[in-house]
Amino acid sequence: MSAPRKIGLFGGTFDPVHLGHIHLAAVTRDALDLDEVRFIPCPISPHKAGTPPASGADRCEMLRIATADLQWAVVDDCELRRSAPAYSYLTVETMAAQFPAARLVWMLGGDQWDALPRWQNPGRLAELVEFAVLSRGNLTESREGYRLHVIQGDHPASATEIRSAISNGTENHEWLDPTVAEWIREKSLYCPP
Ligand code: ATP
């Protein structure tokens, strides 16, 4: 019997996708021998403080550009197409139905692992997935009932800092894929009106 397919599920705002996200996806894929990594951008409230966020379509396009050469990467806009709230456990229930024989691995940074108990229905999520956590300088503590893989390797990139630098006039930010940076410049994303 062949081994079950291993699918990494990587949710986030990706506003914009940066080299830290790609790093997390690549090291997790290598460490756990994943067959594919699905990048799943989530809806963002337009009322979020700071610069207005990029649209879902723009965030998807930046993800497609950044992952164009990665055979194992898939950009999945399922959460952007939902009319109901895009809770991660609901997304994973859909994935589990779509790929019933697969092992599902939810990928996240250490900051989000710490925040996980405050997510909607984390227990249901934990029933359906294994977690792969890339430490962001903090200790990753295990949790009863959660299947956890701790992935070594940090990356300094921050989307908040990138947006702030661009709004202050930076072009070609070092944490951006150069093609994504060019696309942001052409669309004048994250620039003050
Ligand atoms: P922001 O600064 O706007 O909060 P972010 O990149 O932290 O941006 P998301 O795009 O939602 O936020 O991140 C998606 C996932 O990637 C999260 O699980 C986050 O913890 C993880 N992540 C983001 N940046 C890094 C990084 N530099 N190293 C490791 N993980 C990261």
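This is a predicted model, so every value here is computed, not measured.

Peer 1: Would you explain the pairing of strand β5 (residues 130-134) in this entry?
Peer 2: Within a regular strand, the side chains alternate between the two sheet faces. Counting buried residues along β5, five of its five residues qualify, which places the element largely inside the surrounding structure. Neither face of β5 is exposed, since Glu-130, Ala-132 and Leu-134 on one face and Phe-131 and Val-133 on the opposite face are all buried. With five bridges joining them, strand β4 (residues 103-109) and β5 adopt parallel strand pairing. Of the residues in β5, the one forming a bridge with Met-107 is Ala-132.

Peer 1: Got a minute to help me understand the nonpolar core in this structure?
Peer 2: Proteins that are soluble and globular tend to have nonpolar side chains buried together. Membership of the largest hydrophobic core comes to 33 residues, with the highest contact counts inside it found for Phe-10, Val-37, Phe-39, Met-62, Met-107 and Ile-184. Elements with a contribution of two residues or more to this core: α1 (19-32), β2 (36-41), α2 (56-66), β4, β5, α7 (159-167) and α8 (178-187). Every residue in contact with Phe-10, bar those within four places of it in the chain, is listed here: His-21, Leu-24, Ala-25, Val-37, Arg-38, Phe-39, Ile-40 and Met-107. Listed in part, the 21 residues of the second largest apolar core include Val-92, Trp-113, Phe-131 and Val-133.

Peer 1: Mind showing me how you'd approach the pairing of β4 here?
Peer 2: Of all the seven residues making up β4, six are buried; the element is thus mostly covered by neighbouring parts of the structure. Bridge analysis of strand β1 (residues 6-12) against β4 gives five bridges, and the strand direction is parallel. Along β4, the bridge assignment pairs Lys-6 with Arg-103.

Peer 1: What's the story with the sheet that holds β1 in this structure? I'm lost.
Peer 2: In any sheet, the strands associate via hydrogen bonds between backbone groups, in a parallel or an antiparallel arrangement. Ordered in space as β3-β2-β1-β4-β5-β6, the six strands form an open sheet in which the pairing is parallel. The sheet terminates laterally at β3 (73-75) and β6 (148-151), the two strands that pair on one side only. Across this sheet, the average inter-strand angle for adjacent strands is 25°, counted without regard to direction. Lying on the sheet, α2 is in contact with β2 and β3; it crosses β2 at an angle near 155°. Of the strands in this sheet, β1, β2 and β4 are in contact with helix α4 (residues 88-98), which crosses β4 at around 150°.

Peer 1: Just checking my understanding: could you explain the site of the ligand for this structure?
Peer 2: Neighbouring the ligand are 21 residues; His-21, Asp-111, His-155, Ala-157 and Thr-160 lie closest to it. Side-chain polar atom of Thr-160 to an oxygen atom of the ligand: 2.5 Å apart, as the coordinates give it. Starting from 600 Å² of accessible surface for the ligand in isolation, the protein chains cover 89%. Broken down by class, the residue content of the shell around the ligand amounts to seven nonpolar, 11 polar and three charged.

Peer 1: Would you take a moment to explain unusual backbone geometry for this structure?
Peer 2: Trans peptide bonds make up the majority, and among non-glycine residues the majority have a negative phi. Following Asp-15, the chain continues to Pro-16 via a peptide bond in cis, the omega torsion being 5°. Take Pro-16: it is sitting in the loop between β1 and α1. If you check the backbone angles, Phe-14 has positive phi at about 50° while not being a glycine. Within the secondary structure, Phe-14 is located in the loop between β1 and α1. With a phi angle near 50°, Asn-172 is a residue other than glycine that sits in the positive phi range. Along the chain, Asn-172 turns up in the loop between α7 and α8.

Cut-offs and rules
- Residues numbered from 1 in each chain as written.
- Predicted model: local features only at pLDDT ≥ 70, side-chain atom pairs only at ≥ 80, totals over all residues.
- Heavy atoms only, no water.
- Buried < 20%, exposed > 50% of the residue type's maximum accessible area, 1.4 Å probe, protein only.
- Helix = DSSP H or I, 4+ residues; strand = E, 2+ residues; numbered from the N terminus.
- Pairing = 2+ DSSP bridges.
- Core = buried A, V, L, I, M, F, W, Y, C linked by side-chain atoms within 4.5 Å.
- Contact = heavy atoms within 4.5 Å.
- Axes fitted to C-alpha atoms, helices over the stretch in contact; angles between N-to-C directions.
- Near = heavy atom within 4 Å.
- Polar contact = N/O pair within 3.5 Å; in protein donor to acceptor, adjacent residues only side chain to side chain.
- Areas by Shrake-Rupley, 256 points an atom, 1.4 Å probe, with all protein chains shown as cover.
- Nonpolar A, V, L, I, M, F, W, Y, C, P; charged D, E, K, R; others polar.

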